[in-house]
Amino acid sequence: MSNLEQTLSIIKPDAVERNLENEIKEIFKNNGFLIVKEKKIQIEKSEAEKFYKVHETKPFYSDLCAYLSSGPIVVMVLEKENSVLANRELMGATNPKEAKEGTIRKRYGISIDKNSVHGSDSVENAKIEIDFFFKD
Ligand code: IDP
Ligand code: MG
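About the cut-offs
- Residues numbered from 1 in each chain as written.
- Chains lettered and ligands numbered in written order.
- Predicted model: local features only at pLDDT ≥ 70, side-chain atom pairs only at ≥ 80, totals over all residues.
- Heavy atoms only, no water.
- Phe/Tyr/Trp six-rings, centres within 6.5 Å; stacked < 30°, edge-to-face > 60°.
- Buried < 20%, exposed > 50% of the residue type's maximum accessible area, 1.4 Å probe, protein only.
- Salt bridge = Lys/Arg side-chain N within 4 Å of Asp/Glu carboxyl O.
- Core = buried A, V, L, I, M, F, W, Y, C linked by side-chain atoms within 4.5 Å.
- Helix = DSSP H or I, 4+ residues; strand = E, 2+ residues; numbered from the N terminus.
- Contact = heavy atoms within 4.5 Å.
- Pairing = 2+ DSSP bridges.
- Axes fitted to C-alpha atoms, helices over the stretch in contact; angles between N-to-C directions.
- Near = heavy atom within 4 Å.
- Polar contact = N/O pair within 3.5 Å; in protein donor to acceptor, adjacent residues only side chain to side chain.
- Areas by Shrake-Rupley, 256 points an atom, 1.4 Å probe, with all protein chains shown as cover.
- Nonpolar A, V, L, I, M, F, W, Y, C, P; charged D, E, K, R; others polar.
- Lys, Arg positive; Asp, Glu negative; His and termini not counted.

### Considering the packing of aromatic side chains
- Evaluation of the coordinates by the stated rule reveals five aromatic pairs.
- Between Phe28 and Phe33, the aromatic rings sit 5.7 Å apart at their centres with planes inclined by 80 degrees, giving edge-to-face as the arrangement.
- Summarising the aromatic geometry, the rings of Phe51 and Tyr52 are spaced 5.1 Å apart at their centres and angled 65 degrees between planes, so their arrangement reads as edge-to-face. The burial state of Phe51 is the same as that of Tyr52; both residues are buried.
- Grouping aromatic residues by their ring pairs yields a cluster made of Phe51, Tyr52, Phe132 and Phe133.

### As for the pattern of salt bridges
- A full pass over the atoms with the stated rule returns 10 salt bridges.
- The residue Lys53 makes a salt bridge to Glu56 at a minimum N-O spacing of 3.0 Å.
- For Glu56, a relative accessible area of 42% puts it in the partly exposed group.
- For Glu101, the salt bridge goes to Lys106, with nearest N and O atoms at 3.8 Å.

### Observations regarding the nonpolar core
- Ranked by internal contacts, the top residues of the largest apolar core, which has 18 residues, are Ile11, Ile24, Phe28, Met76 and Ile104.
- Elements that contribute at least two residues to this core include exactly α1 (13–17), α2 (21–30), β3 (73–81), α5 (83–91) and α6 (104–108).
- Discounting chain neighbours no more than four positions away, the residues touching Phe28 are Ser9, Phe33, Met76, Leu78, Asn87, Leu90 and Ile104.
- Within the second largest apolar cluster, 16 residues are counted, among which are Leu8, Tyr61, Leu64 and Val77.

### So, the sheet that holds strand β4 (residues 117–119)
- On the basis of which strands lie adjacent, the open sheet formed by four strands has the order β2-β3-β1-β4 and antiparallel pairing. This sheet does not close on itself; its edge strands, each paired only once, are β2 (34–41) and β4. Neighbouring strand axes in the sheet, compared pairwise and without regard to direction, differ in orientation by 20 degrees on average.
- Across three bridges, the pairing between strand β1 (residues 4–11) and β4 is antiparallel. For Ile11, the partnering residue across the bridge sits in β4 and is Val117.
- Its contacts with the sheet put α5 on β1, β3 and β4, and the angle it makes with β1 is roughly 35 degrees.

### Points about the site of ligand 1
- Within the structure, ligand 1 sits among Lys12, His55, Phe60, Leu64, Arg88, Thr94, Arg105, Ile112, Asp113 and Asn115.
- Side-chain polar atom of Arg105 to an oxygen atom of ligand 1: 3.0 Å apart, as the coordinates give it.
- Out of a free accessible area of 530 Å², ligand 1 has 77% covered by protein chains.
- When the residues that make up the shell around ligand 1 are grouped by side-chain class, the tally is three nonpolar, three polar and four charged.

### Side note on the side chain of Arg105
- Tracing the sequence through the fold places Arg105 in helix α6.
- It turns out Arg105 is buried and unbridged, and the closest side chain with the opposite charge, Asp14, is 8.5 Å from it.
- At 3.5 Å, the side chain of Arg105 and the backbone oxygen of Asn115 are in polar contact.
- Setting aside residues up to four positions removed in sequence, Arg105 forms contacts with Lys12, Met91, Gly92, Ala93, Thr94, Pro96, Ala99, Asn115, Val117 and His118.

This is the structure:
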């Protein structure tokens, strides 16, 4: 049965800074994802705080929000069958050191905080995150 889904992907500042935007987009396309919306933006720390609100009690929350707002990011809506899970698999583990061979974070991630990409973790959160960046 067909289950076409959309998920939110972000190419984070560490990857944009290293000019990896096109390379990472090619990986998504080569893995069957359609980039249906995209924009390159820089957000305020206050916006990052809203986006990462689920992590507000974590010790790394402030650094995480400062980091996401530290430079340009590329925000994309990706579409594919079961795209939420497919994107999580393609990204790899949060910590690049634990990410499997062939994943984006294994290939490009520098550290657990500078891990190059974000991807929604559920269909429900994908909808919330897509609205966050693309609702007009
Ligand atoms: P995810 O990005 O794989 O979904 P989350 O647990 O949702 O991982 O964490 C959001 C982001 O917060 C991670 O991508 C990473 O950049 C950062 N992060 C997660 N855990 C840590 C940590 O222990 N130290 C520093 N940063 C962290
Ligand atoms: Mg997450």
